[in-house]
Each structure stands twice: as C-alpha cells, then as structure tokens.
Amino acid sequence: MDKKTQKKPTELPEKGRILSKPRIFFGLTFILFSAVLALSFISYLMNWKADQSQAGTMLDKSIKSSNIFGKAGDWFGNIFIFESIGIASFIIAFLFLVVGTLILKKKTFKPWKTIGHSLFFICWLPIFMGALTKGQGVLGGVYGYQVMDYLNAIIGSVGLWTVLAASILLYFILEFNLRPSSIKAKLSKINENTIGKVKSMMPDSNEDFESDEELKEEINETEIEKEVAPNVKVSDITNSISNGSINKVKEPEPVNTPKGFPEVPATSTIETITTPNHTSFDNEPQQVAQPVSLNLSTKPTIPVSSPEDAFDMNPAISIPVPTPAPVVPATPAPAQENIKFNVEVAPVIDVLDDSDKKSQELVEKHGLYDHKLDLANFQMPPVELLKDYGNEEISINKEELEENKNKIVGLLKNFNVGIAEIKATIGPTVTLYEIVPEAGIRVAAIKKLQDDIALNLSALGIRIIAPMPGKGTIGIEVPRKNPTMVSMRSVIASHKFQNTDMDLPVVFGKTISNEIFMADLSKMPHLLMAGATGQGKSVGINAILTSLLYKKHPSELKFVMVDPKKVELSLYSKIERHYLAKLPDAEEAIITDTNKVINTLNSLCIEMDTRYDLLKNAFCKNLKEYNKKFAERKLNPENGHRFLPYIVLVVDEFADLIMTAGKEVELPIARLAQLARAVGIHLIVATQRPSVNVITGMIKANFPARAAFRVISSVDSRTILDSPGADQLIGKGDMLYFNGNEILRLQCAFVDTPEVERLAEFIGEQKGYSSAFLLPEYVSEDANSSAVGAFDPNEKDALFEEAARIIVSTQQGSTSMLQRQLKLGYNRAGRIMDQLEASGIVGGFNGAKAREVIISDLHSLEQFLEDLRS
C-alpha cells in the first residue's frame, strides 16, 4: 500500500474542546443568517401584495418596505419565495441552520440524511402547493407553478395528483420501511401495548365475583329443571328442604316411587362456563360431575356457600350436577396472616479435640501470645530521622519536551518511519516517549535506531522498549536534563508504605510515572542485585534495610549480614542486640571472615532444617501459618515450638566469596535459595561483577527477582536480567527491576550515610535482648584434622623440615611452590603441606589464595622444630 494513500486515524472532538475563533465566527454567522431568512420569509408572506410593486427599487430611499428587515428582507422573499420555490424556501433557511450547527460541532442533526429529506421536499412541496392553489398566490412560487402547469398539460389533473400522491407515498415507504410485514409487526406491537395492557388489568380467573356466581346459579338451575321435571324448579326444592317439608315438591309423572325417588341416570353434559371477563372454569381439575343425593327423611345441615353446595345431601335421587372447584380469593385469609413464621440459621458447631479445647482455655485465660512482650517498650523509628530534601515535585520543562519530541519525530521521518501518535510521561530521572507507528512499520526498524536516536538527542542512556508490554506502543526512554531526587523520607512517609499489609515490605523508589514502587520480600522470595562500582548498589541495599527496619519489630525480623569489604554494613553493628543474628562463638555479628561465612551459611541450613521439622510437626505449610498457630497457643513450647522470626541474609559482595571459597559458599546459598522460602529465610545477594562464573546458572535459577543498576556492558546486563538494558542506564540510582513478568525502570530512593547512622543509633539506644539472635552451632568436618594434637612427629616426611624452612623464608604457604623447590610430585607435596598445617606452621586452606604462614621467622621455626624432635 502506498503510504500517501494511507488514511491517518481521525480524532473525534473531545468533549469540552475549545473551538477555534474562525469556526465560532462562521458557525454563528450561518445560524444568524438562517434566522434572518426565516423572519424575512414570514414577513414577506404577510405583506407580499403591498411590497410586490417595489421589487427592483432596492436603492430608492423614498420607497419604504413593509418587511421587518426592510428592502433586504423584501428582496430575500422575492428571490426565494416568489421567483423560486415558494414556502419551500423555509427549508433553505433550515439548511443554513444545519450547516451552522455542524461548523460548531453540534451533533443535533444527521447531515446527509437531513440534506436528502430537504432536497426531496424542495422539489415536491412547490409542485404540491402549485396544484393546490392552482397557481394563485406565492405559496408555490414560479418553480411550482411552471412544473404544475407542464404536468397538467401532459397528464391532466388526475395524473398530476396521482404522481404527487405516489411520490409522497413512495417516500414514506422508503423512509419508514413500510412493508406489509413491518406494518403487521408494528400493528401487533400496538395491539400488545394497548389490548395487552387492558388484558393485564382484567381480574384473574381465581377472583370471586358476584356476576360469576349469579351466572353459574342461573345456568345450573336451568339444567336441573330440564333433568328433573319441566314443572319443578330448583328454587322449590331448596325452599322445601330449608322448611323441612320436602313433600311439597311435585313428583314427575314418569317416576313411580313407592319408597322414595329412584335414581335417574344422567345423560346430559355441562358446557364450559365463560363469563364476560373471560373467567373460565374449563381448566380446573376438580370439574367432574358427581351424584348429588337428597335425603327425604332427615333435615340436613346445609353449608350454603354457593348454589351448588345446597345439593350436597343424601337423597334417593341422584342428579349429576357439576361441582366446580372452589374459587380461591385474591387476598389471603386472615387466619393465614396470623401464622407466625420464624427463620433460624443453625449455628456452625466446631467439634474441638482436647488440644484445641486446651488452647482455647489458655487463650481465654492469658490471651493470644504476644511476641513483642520482651521488648514491649520498643519504639519504631520516626520519619524525622531521615533528611528532608524539600520539594520533590517534578518540574515540567515544555521546551525540553517539545525539542525532544521534534528530534525523535524528525529522525524517524528521515528513516521513513511514520508516527501516528506520540505521548510523553515524565518521571523523576527519565521521560518516556510512547509512540504509535503507522500501519506497516516494523518494530525492528525502530529498535535498530537506538544509537541514532541517542546521537540525535545528545543524551546518555537512551533505551528503546519495543513493544511496551500490554500497551501496543513503542517506548523511548530519554534522560532528563534536570533529574529530580527521590528521598528515602518521601517514600517512607507515603500513605502507601505506612498502610501496607505486606509481610516484608521493601520500598525501592519511584517509577517513570512517579508512583512509589514497593515489593514484598517474602513473595520474591530472594533478590539478586548487581551494578558497577559507584552506581548506587550500596545505597539500594541501605534502602531495603531501612524500609524493613521501619516496618518490622525486632522480634519479627533478624538479619545475617556478610560484608567482605568490612565497611559497607558496619553501620548496623549498633543494632546487634535488636535485629542481628550470629553464631554462638562469633565475636561480631557482621561477618567479614570467609571461614566464618561458610560456617554461618551452613548454620543457616541447619536452622532451615530445624524449622521444617517444626512446621511438619505443627502441620503448617509456611512460617505465617506456624506463627499464627503458636500465637493461638495451639503449639506446646515444651515440644520445641517457639515463635520464629523472619531471617534475611544480606551479602554485600558475593564475587569475593566465590573467588575465595568457591563451591563451599555456592552450595549452601543454592540450597537456601531452593528451600528456605517457606520457613521465612530470604536472601539478598549483591555483587559488582555480574559474570557467569560468579552468578552461576544454579544461583540465577533460584533468584527470580533481580535488581540491576548500571553495568559496563550488555553481556553483564544479560547475565543479571537475561536481556539488555542495564548498560543503558545513567547511574545515580537509576535501576531496572525484574520479577519474572516485565522489566520496570525505577529511580532508587536515596538514603545517605548520616541518615543510616541516626537510624541505627535510635534503635541501639533502646533496650534490646541480652545478645544477638543465636544461630545453631556448626562444626566443620575438618575441625579435628586441623588441630595440632593430631600431628604425629614420628610419621612426618623426610623433607618436612626443609619444606618448613622454605615456607617460612618465603612466607608463602603454597603447595605448587614446594613442588618446584623440592622437585616433588603433587601428592607428596600435598601430604607435606597437610603435615605443616597439622603442626601449626601454616594455616588452613584459603581457596585460590596461598595459605597463611603462622611462624614469622626462621629462628622461631628452629625452636619449634627442636621442640618437635624432643
């Protein structure tokens, strides 16, 4: 398809859009002119005889016109009415009104339909008025008279009226779809709306009306008289029965009854009774003719509720009389209204066993278990501890937006990429331009222009999102010239964070649309962070820890902090007795030694297994259910149950641990990442080197949540996010967050070191626990083998002393060096190094680094060797 022939989507006028001044001027002009024409025509029709002689004297001031608009109105009337189409000229004025409303964008009339109807009546109405007035007057105009006269001369007067009637009839048939079927449907609809409503207002067949009863009584009496005798009336029988003298009734001649009346078989049938109000009894199941007997010896008791009930007796004569069903009254009986009707819902009765009853009694006696009682007076840190950076509202620079928009549109146009629509969303750091390409434009054609757009805008960190997830647009993120800071105080004090119901709320910062972004660490369940040095990774860790400290009580949360750099997390040492966890024999809660890191990770694995055993015994699936059961006192502390806090492992530099310890660190971290989520142990692992030998496939598979700050290359971005983009960030807290669904660009909240110090001091000055939370003790497998007492001097190698002198003189505990110096094989050099370690000359294995040499000089070594010989 040719691009020139492509139709751009037309935009409908929005409600309340301001009209342009020319549109308002011309619209009002047309409406005003239509009013002038209509009034001029009316005045002309009233005074046309007097003004007819003044036609053509437009400029003569001495002649006065009777029209309300003077000679101009008289001229309009003469031109449109007299010389043209007569009273059909009012349709011309109406069309001017329609055009005026269309110019003002008022959808009062349908333009094409209105013009079509108007043209028909402009043609038909003058001819009709000419035929009606026979050319007299001005109602038909010259046009109407001339056409009428021509048709009259050709087809005659009857043919003229036939043509007029046929044309108007055909018009209505085509306009209103007057086919026989549609006429029949409309008539039936009118019938339903009129007669149907009258029928619905008629009384129901179950209503008891006196007219129905009287009609039934008359018909029944007539039928009985025909059956019994022509001269015997039912009224006589009923009267004799009521008076106790049944003998007064005349006996029929054909009946000989020595001891009473014989039974006469019924041969006639009763027709269905239909009352004037269409009340019918033919549908009642009780309408069966039953024999009615008359008892001549006794005076029966007759409940006279209807004429038919008067014959319910015990006679010797059986007369088939129809017994219609009793008519149900329209209103309920008073006896039914007095019935007491109660609705009760049976309560749900829980069958409690002995343990549930005991726990319920304990709750009633002592209340729910409160895990905050040990630190009941602990105060959560106030927001005032964080620095207020003033107004953080985003300022809109229209010139910058317009300039960037023009550059983007112009560049894409140069590459033959058409744009149908463009929209800008301003964020704290970047502005998102969402573009809708024209039909036929490939997405790849825009994606490959990323470097060209960055060059044209002279901006760093251009990122193209093609397509935007769930939007059907293509996003171009352009950094702002004057970014806005997102302070930690603004997000912590927000209504969204203060009223959140997340278990472990983590507030990162704000999105491109300037909305506060939060995530639940318990749902992640582990977070992997990466970023080059100085791009905001440590600030991001502090933001996560700060948000958790502002939301969780010390009894609900514990941190295990690993800081190989020794300076990043040292600020939190003041909250050791409140929030930190450590090994029983550890001096400091913040771990910096690699050997202690390995022991701590294995200790966490033991804690994880212990918690799983507790959950299994308590029949719970996760930590939240277990703590709820324990708070309801359904778990006995004597059986080892206790309130379990969340444990968050924070590793600030994971690459250093992998380099020094390797598999000894990777395996327990992978095991924790796989299993520890359900028992409330969560990991936050950060590194500044996101390479594949540091972030291995096993670790990535168990860390679904990723946070990437600016990295150097797209390879690092693919390692952390599995997609490029992190290399296009601008730094200073600009980050991408991925949680398995889509990648979000965020501006991380800024929290400075003095703010963290004030927060830690506020918590540390309050009363805490006696010590940090103690993790299970872990004893390494080679603990005994590394002891000095395990060394036997009698079994030492012949080259043991020479190897010791080489190690101490060079101060390098390396097995490969012994191989080179002593020309030994690897196995013998390894055995000598193990003996040196067991004797206490060198330290333990330290990964890729050389072993530590404990003895510092040769003189001390000679004394040590002398002691071994003796």
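Residues numbered from 1 in each chain as written. Predicted model: local features only at pLDDT ≥ 70, side-chain atom pairs only at ≥ 80, totals over all residues. Heavy atoms only, no water.

Each helix and strand counted, the chain has 28 helices and 17 strands in total. With an accessible surface of roughly 50,000 Å², the chain has 55% of that area assigned to carbon and sulfur atoms. (Helix = DSSP H or I, 4+ residues; strand = E, 2+ residues; numbered from the N terminus. Areas by Shrake-Rupley, 256 points an atom, 1.4 Å probe, with all protein chains shown as cover.)

Moving on, we get to the pairing of strand β16 (residues 743-748). Two elements, strand β7 (residues 505-511) and β16, share three bridges in a ladder whose sense is antiparallel. Each residue of the ladder has a partner; that of T511, found in β16, is L746. With five bridges joining them, strand β15 (residues 734-738) and β16 adopt antiparallel strand pairing. Paired with F738 across the two strands is I743, which belongs to β16. Counting the residues that bridge the hairpin from β15 to β16 gives four residues, and of these G740 lies at a positive phi of roughly 95 degrees. (Pairing = 2+ DSSP bridges.)

This brings us to the sheet that holds strand β12 (residues 646-651). Ordered in space as β8-β7-β16-β15-β14-β9-β13-β12-β10, the nine strands form an open sheet in which the pairing is mixed. Lying at the two open borders of the sheet, with one neighbouring strand each, are β8 (516-520) and β10 (557-562). The mean angle between the axes of side-by-side strands here comes to 30 degrees, regardless of whether they run parallel or antiparallel. Where helix α23 (residues 714-721) meets the sheet, it contacts β9 (527-530), β14 (705-708) and β15, and its direction lies at approximately 155 degrees from that of β14. (Axes fitted to C-alpha atoms, helices over the stretch in contact; angles between N-to-C directions. Contact = heavy atoms within 4.5 Å.)

A few words on helix α18 (residues 594-618). Taking 1.5 Å as the rise per residue, α18 with 25 residues should run 36 Å; its terminal C-alpha atoms sit 36 Å apart, in good agreement. Downstream of α18 by a residue or two, F619 has a phi angle that is positive, lying close to 55 degrees. (Expected span 1.5 Å × (residues − 1).)

Next up on the list: the sheet that holds strand β6 (residues 474-479). Backbone-to-backbone hydrogen bonds pair the strands of a sheet. The strands run either parallel or antiparallel. Taken in spatial order, the four strands make up an open sheet running β3-β4-β6-β5, and their pairing is antiparallel. Each of the sheet's edge strands pairs with one partner strand only, and the pair in question is β3 (419-426) and β5 (463-465). Averaged over all pairs of adjacent strands, the angle between strand axes in this sheet comes to 20 degrees, irrespective of strand direction. In the sheet, β5 pairs with β6 via three bridges, with the strands oriented antiparallel.

Within the chain, residue pLDDT values average 78, and 76% of them lie at 70 or more. Of all the helices and strands in the chain, strand β1 (residues 288-293) carries the lowest mean pLDDT, 40, while β12 carries the highest, 95. Within the model, pLDDT remains below 50 along residues 205-211, and this stretch shows 16 contacts once partners closer than five positions in the same chain are excluded. (pLDDT = per-residue confidence, 0-100.)

This part is about the environment of E434. One can find E434 in strand β4 (residues 430-437). Of the residues examined, E434 reaches a relative accessible area of 6% and is grouped as buried. Here the alpha-carbon distance between E434 and I422, two residues twelve residues apart in the chain, equals 5.5 Å. The residues touching E434, leaving out its near neighbours within four places in the chain, are E421, I422, K423, T425, M468, K471, T473 and I474. Of the polar contacts made by the side chain of E434, one reaches the side chain of T473; its length is 3.0 Å. (Buried < 20%, exposed > 50% of the residue type's maximum accessible area, 1.4 Å probe, protein only. Polar contact = N/O pair within 3.5 Å; in protein donor to acceptor, adjacent residues only side chain to side chain.)

Residues F508, L527, F559 and Y737 are the most contacted members of the largest nonpolar core, which totals 112 residues. The leading source of residues in this core is α18, at nine residues. Residues contacting L527, with those up to four places away along its chain left out, are F508, I544, L683, I684, V685, F703, A705, R706, A707 and Y737. Core analysis: the next-biggest nonpolar cluster, separate from the first, contains 22 residues, V808, L822, M833 and L861 among them. (Core = buried A, V, L, I, M, F, W, Y, C linked by side-chain atoms within 4.5 Å.)

The next thing to look at is the packing of helix α11 (residues 398-414) against helix α13 (residues 450-457). Axis separation between α11 and α13 bottoms out at 10 Å; the angle between their running directions is 140 degrees. With respect to their mutual orientation, α11 and α13 come out oblique. Note on packing geometry: the crossing formed by α11 with α13 is right-handed. Where α11 abuts α13, its residues N404, K407, I408 and L411 lie against D452, I453, N456 and L457. (Parallel < 35°, antiparallel > 145°, perpendicular 65-115°, else oblique. Left-handed = near helix turned anticlockwise from the far one by under 90°.)

Time to look at the pairing of β6. Judged by how many residues are buried, β6 sits mostly within the fold: six of six residues are covered. Burial of β6 is two-sided: the residues I474, I476 and V478 facing one way and the residues G475, E477 and P479 facing the other way are all buried. Alignment of β4 against β6, held across six bridges, turns out to be antiparallel. Residue Y433 lies in a different strand from β6, and its bridge partner there is I476.

Attention now goes to the packing of aromatic side chains. Aromatic ring pairs are reported here in terms of the distance separating the ring centres and the angle at which the planes meet. In the structure shown here, the tally under the stated rule is 21 aromatic pairs. Between the aromatic rings of Y369 and F630, the centroid separation amounts to 5.0 Å while the plane-to-plane angle is 80 degrees, which identifies the pairing as edge-to-face. Separated by 261 residues along the polypeptide, Y369 in the loop between α10 (354-366) and α11 and F630 in helix α19 (residues 623-631) bring together distant segments of the chain. When the ring centre of F497 is taken as origin, the NZ or CZ atom of K551, which lies over that ring, is 5.3 Å away. (Phe/Tyr/Trp six-rings, centres within 6.5 Å; stacked < 30°, edge-to-face > 60°. Lys NZ or Arg CZ within 6 Å of the ring centre and 35° of its normal.)

When you line up the elements, R611 lands in helix α18. Given a relative accessible area of 0%, R611 falls into the buried group. A distance of 2.8 Å separates a polar atom in the side chain of R611 from the backbone oxygen of P645.

Of the positions making up helix α26 (residues 815-822), those classed as buried are T815, M817, L818 and L822. Across the axial projection of α26, the buried residues extend over an arc of 155 degrees, all falling on one side. Lining the buried residues of α26 we find α25 (800-810) and α27 (826-839). K823 occupies a position one or two residues after α26 and carries a positive phi of about 55 degrees. (Arc of directions from axis to C-beta.)

Turning to the packing of helix α3 (residues 89-103) against helix α4 (residues 111-133), a few remarks are in order. At a closest axis distance of 10 Å, the pairing of α3 and α4 adopts a crossing angle of 170 degrees. One finds that α3 runs roughly antiparallel with respect to α4. Residues I91, I92, F94, L95, V98 and L102 of α3 form the contact with α4, whose participating residues are P111, T114, I115, S118, F121 and I122. Its residues placed into classes, the contact of α3 with α4 shows ten nonpolar, two polar and no charged. (Nonpolar A, V, L, I, M, F, W, Y, C, P; charged D, E, K, R; others polar.)

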